[in-house]
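Coordinate analysis (summary)
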Amino acid sequence: MVTLQLRKVEARYGRRIIYAEASTPEIAGGHLTALVGANAAGKSTLFRRIAGQLAGKGEVCIAGAEPGDLRYMPQDTGMSAALTVYESVVLALKQRQGGWRMGAEELDAVDKILSGLKIGALSDRHLAELSGGQRQLVSIAQTLVTRPRIVLMDEPTAALDLYRQYEVLEHLRAYAADTGAVVILALYDLNQVMRACTMTIAVAEGRIVAAGPTLETLRPEMIRKLYGIEARVETCSRGCPMMVVDRAVEDHEMSGYR
Amino acid sequence: MRMVVWEIRMPIALMAVTVGACLSLAGAQMQTILANPLASPFTLGISAAASFGAALAMVLGVALVPAALALMVPINAFAMAMLASLLIFGLSTMRGVTVETIVLLGIALVFTVNALLALLQYFASEQALAAVVFWTMGSLTKETWTKVAVTALILVVVTPIFARRAWALTAIRPGEARAVAMGVPVRRLRLETLILVSALAAVPVSFVGTIGFIGIVGPHIARLLLGEDQRFSLPGSILSGALSLSATSVLSKANLPGAVLPIGIIAALVGVPVFAILIFTNGRRSW
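Numbering of residues starts from 1 in each chain and follows the order in which that chain's sequence is written. Written order decides the labels, with chains lettered from A and ligands numbered from 1. Totals for whole chains, interfaces and linings use all residues, but because this is a predicted model, local features are given only for residues with pLDDT of at least 70 and pairs of side-chain atoms are given and counted only at 80 or more. Values reported for side chains reflect all heavy atoms of the structure, with hydrogen atoms and water molecules removed beforehand.

A separate point is the overall build of chain B. The secondary structure listing takes helices from DSSP runs of H or I that are at least 4 residues long and strands from runs of E that are at least 2 residues long, numbered from the N terminus. Looking only at helices and strands, chain B features 12 helices and 0 strands. Beginning at the N terminus, the succession of helices and strands in chain B can be written as α-α-α-α-α-α-α-α-α-α-α-α. Compactness check: chain B gives a C-alpha radius of gyration of 19 Å against a globular reference of 19 Å for 287 residues, within 12% of the reference. Counting only C-alpha atoms, chain B reaches 55 × 40 × 30 Å along its principal axes. Taking all 287 residues of chain B together, the buried fraction comes to 53%. Nonlocal contacts in chain B, meaning residues at least 24 apart in sequence, comprise 76% of its contacts between residues at least 6 apart. Residue burial considers only the protein chains on display, and all accessible areas are found by Shrake-Rupley using a 1.4 Å probe. Summed over all atoms, the accessible surface of chain B reaches about 12,600 Å², with 74% contributed by carbon and sulfur. Asp and Glu are treated as the negative residues and Lys and Arg as the positive ones, with His and the ends of the chain left uncounted. Positions of charges follow a simple convention, taking NZ of Lys, CZ of Arg, CG of Asp or CD of Glu. Side-chain charges in chain B split into 17 positive and 8 negative, and the spacing between the mean points of these groups amounts to 5 Å. Throughout, radius of gyration means the C-alpha value; the globule benchmark is 2.2 Å times the number of residues raised to the power 0.38. Buried residues are those whose accessible area, probed at 1.4 Å on protein chains only, stays under 20% of the maximum for their type, while exposed residues exceed 50% and partly exposed ones sit between those limits. Every residue pair with non-hydrogen atoms within 4.5 Å of one another is taken to be in contact.

As structure tokens, this is what we get:
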């Protein structure tokens, strides 16, 4: 099984230090982990540091996987190349294998991920023609096609409708269970987090303010500090935890940690 | 007769093929790494610098590299073109320099070098002025087997390097962040490509002068017809450039009996309508 742990990790852009000493408990693979925090709390920065795109002191300890087995999906940006959906997924696969020829198993892998995410019908469409949600699904396919052992995704459900949000989270959960991969998702919908993610890491102001089992982490006090809202965590009629928001806290300046 | 075909006509014909291929390939990769459909060796001032180098030789008789006088013009042009690309290259290795900055620096360089060129022309003798103007129009008239061989050599050396990086270069197009996410070393790839493209553009430009159009349009034709998978667009750009410049070369001779019009002029006049037709009739949207 794959595990990931941050030990006193520093992350900085040039000389500007965002994270000074970020540490987490050991994050085990096989299930989903959430990364939560308000806008500009440092979620993407933490991802980029783990992915090795930012420099800094400290250690990102990975066991059971090579650093090359890590894939980070950034937030959705436009894609305007004259490539089809199929080509763009092949592209992601080929960065590791190289060679101009396409093997049968490579074509299989691409077909499988496209049909798994139910976008097989989009194969021949050009990237520029896709809607935001479709583009998001293509990005997810590009990320998973190499079957990485560590997956970091920035808002994978952002542009999706309710059906596809559910589908994608389910797909990712099954992926983690099948491969034992560490899958960390930055998510905004805390109800999604409570339903899908076993562990949660909460960040604010360039600090990891809590990390642990989801329900222990996402208590009302923590939600208030993170997002500036009064919320209750209750149990629904089927016994699942869910969050109900009552009101916004007045004079909350982006983060209770400021 | 044999003499005319082999020593005069054949080098010109082959020169058109190799120069077209080089410039088109250079333009294609420049557009790829700079994420800009208007990028070409000319956007970054490589061609303008070459013209300035050539003018230095023709107007002032200054040789930048002490060499045989016969080769003073192309060697000067090449030296200035490489100097310009090294300058751009050096600036783009600095921290915080983005693709947009590189393009802006290139444009600044174009204006600077053009001003220097104008200054030279202002003080030039009438004869030298005519030579400079003719050179900057681009022409395929006095070609030799040596020039053909040098141009072909650079193409043969550079193409396999790009071919090996085909997947990485394709990956840059949908966006830098995505390419980085796929594990492409974008920054390094961009710098390597910039060097290769500079050589690829500087060599033909220093032999034949400014033939600007092929570098922009050749790659677009390939992209419109074949898409952006570099396994297809890379050979496609080479072919479309070679074919376009060959056809243009033929046209520039066929128009006026006994006279050869500068090929740079014909390339733009004939190429633009073809290009426009392709843009409006083709469904692929790339930018």
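Read on, since the account is not over.
Another aspect to go through is the side chain of B:S24. Residues and elements named next belong to chain B. Of note, S24 is situated in helix 1 (residues 2–34). Under the relative-accessibility criterion, S24 is labelled buried at 0%. Pairs of N or O atoms within 3.5 Å make up the polar contacts considered here, provided that, within protein, one atom can donate a hydrogen while the other can accept it, and that residues adjacent in sequence are counted only when both atoms are side-chain atoms. In terms of polar contacts, S24 uses its side chain to reach the backbone carbonyl oxygen of S237, at 2.7 Å. Excluding residues within four positions of it along the chain, S24 makes contact with I214, G215, G218, P219, S237, S240 and G241.

One frequent convention defines the size of an interface as the accessible area lost when the parts assemble. On the side of chain B, 26 residues touch chain A, which itself brings 29 residues to the contact. Taken together, both faces of the contact between chain A and chain B bury some 2,300 Å²; the carbon and sulfur share is 59%. Two parts placed together each lose some accessible area under a 1.4 Å probe, and the buried area is that loss summed for both. Of all residues in chain A, the largest losses of buried area upon contact with chain B belong to A:A82, A:Q95 and A:W100, amounting jointly to 30% of the total for that side. Salt bridges are identified by distance alone: a Lys or Arg side-chain nitrogen within 4 Å of an Asp or Glu carboxyl oxygen. Along the contact surface separating chain A from chain B lie 0 salt bridges. Put simply, chain A and chain B have 7 residue pairs in polar contact (both at pLDDT 80 or more) between them. Of all the secondary-structure elements, those providing two or more residues to the side of chain A that touches chain B are strand 7 (70–73), helix 2 (85–97) and helix 4 (132–144) of chain A. Each residue is assigned to one class: nonpolar for Ala, Val, Leu, Ile, Met, Phe, Trp, Tyr, Cys and Pro, charged for Asp, Glu, Lys and Arg, and polar for all the others, Gly among them. Class assignment for the residues of the side of chain A that touches chain B results in 13 nonpolar, 12 polar and 4 charged.

The subject of this paragraph is the packing of aromatic side chains. Residue and element names in this part refer to chain A. Side-chain rings of Phe, Tyr and Trp (the six-membered ring for Trp) are treated as a pair once their centres are within 6.5 Å; stacked means planes under 30 degrees apart, edge-to-face means over 60, and tilted covers the remaining angles. If you walk through the whole model with that rule in mind, you get 3 aromatic pairs over all chains. Centre to centre, the rings of F47 and Y72 are 5.8 Å apart; their planes meet at 50°, and the pair counts as tilted. In this pair, F47 is assigned in helix 1 (residues 43–50) and Y72 in strand 7, connecting sequence segments 25 residues apart.

Let's shift gears to the state of the cysteines. Residues and elements named next belong to chain A. Note on terminology: pairs of cysteine sulfur atoms within 2.5 Å are recorded as disulfides. For the structure shown, the criterion picks out 0 disulfides over all chains. Of all cysteine sulfurs, the one in C240 lies closest to C236, which takes part in no disulfide; the gap is 4.6 Å. Classification of C236 as partly exposed rests on a relative accessible area of 21%. Take C240: its relative accessible area is 26%, and that puts it in the partly exposed class.

All names here are of chain A. By this definition, two strands are paired if DSSP reports at least two bridges between them. One ladder, built from 6 bridges, connects strand 10 (residues 197–204) with strand 11 (residues 207–213); its direction is antiparallel. By the bridge assignment, T200 is partnered in strand 11 with G212. Count of turn residues in the strand 10/strand 11 antiparallel hairpin: 2 residues, of which E205 carries a positive phi of about 50°.

Residues and elements named next belong to chain A. Counting buried residues in strand 1 (residues 3–7) gives 4 out of 5 residues, a clear majority hidden from the surface. When strand 1 meets strand 4 (residues 27–28), the two strands line up antiparallel, connected through 2 bridges. If you follow T3 over to strand 4, its bridge partner there is A28. Of the pairings in the sheet, the one linking strand 1 to strand 6 (residues 59–63) comprises 5 bridges and is antiparallel in character. Bridged to L6 within strand 6 is V60.

Quick look at the sheet that holds strand 9 (residues 182–186) of chain A now. Residue and element names in this part refer to chain A. The strand order across the open sheet built from 6 strands is 7-8-9-5-10-11, with neighbouring strands paired in mixed fashion. This sheet does not close on itself; its edge strands, each paired only once, are strand 7 and strand 11. Neighbour-to-neighbour, the strand axes of the sheet open up by a mean angle of 15°, direction not taken into account. Both strand 5 (residues 32–36) and strand 9 contribute to a ladder of 4 bridges, which runs parallel. Following the sheet pairing, A34 is matched in strand 9 by L185. Only the contacting stretch of a helix is used when fitting its axis, a line to C-alpha atoms as for every element, and angles between N-to-C directions run 0 to 180 degrees.

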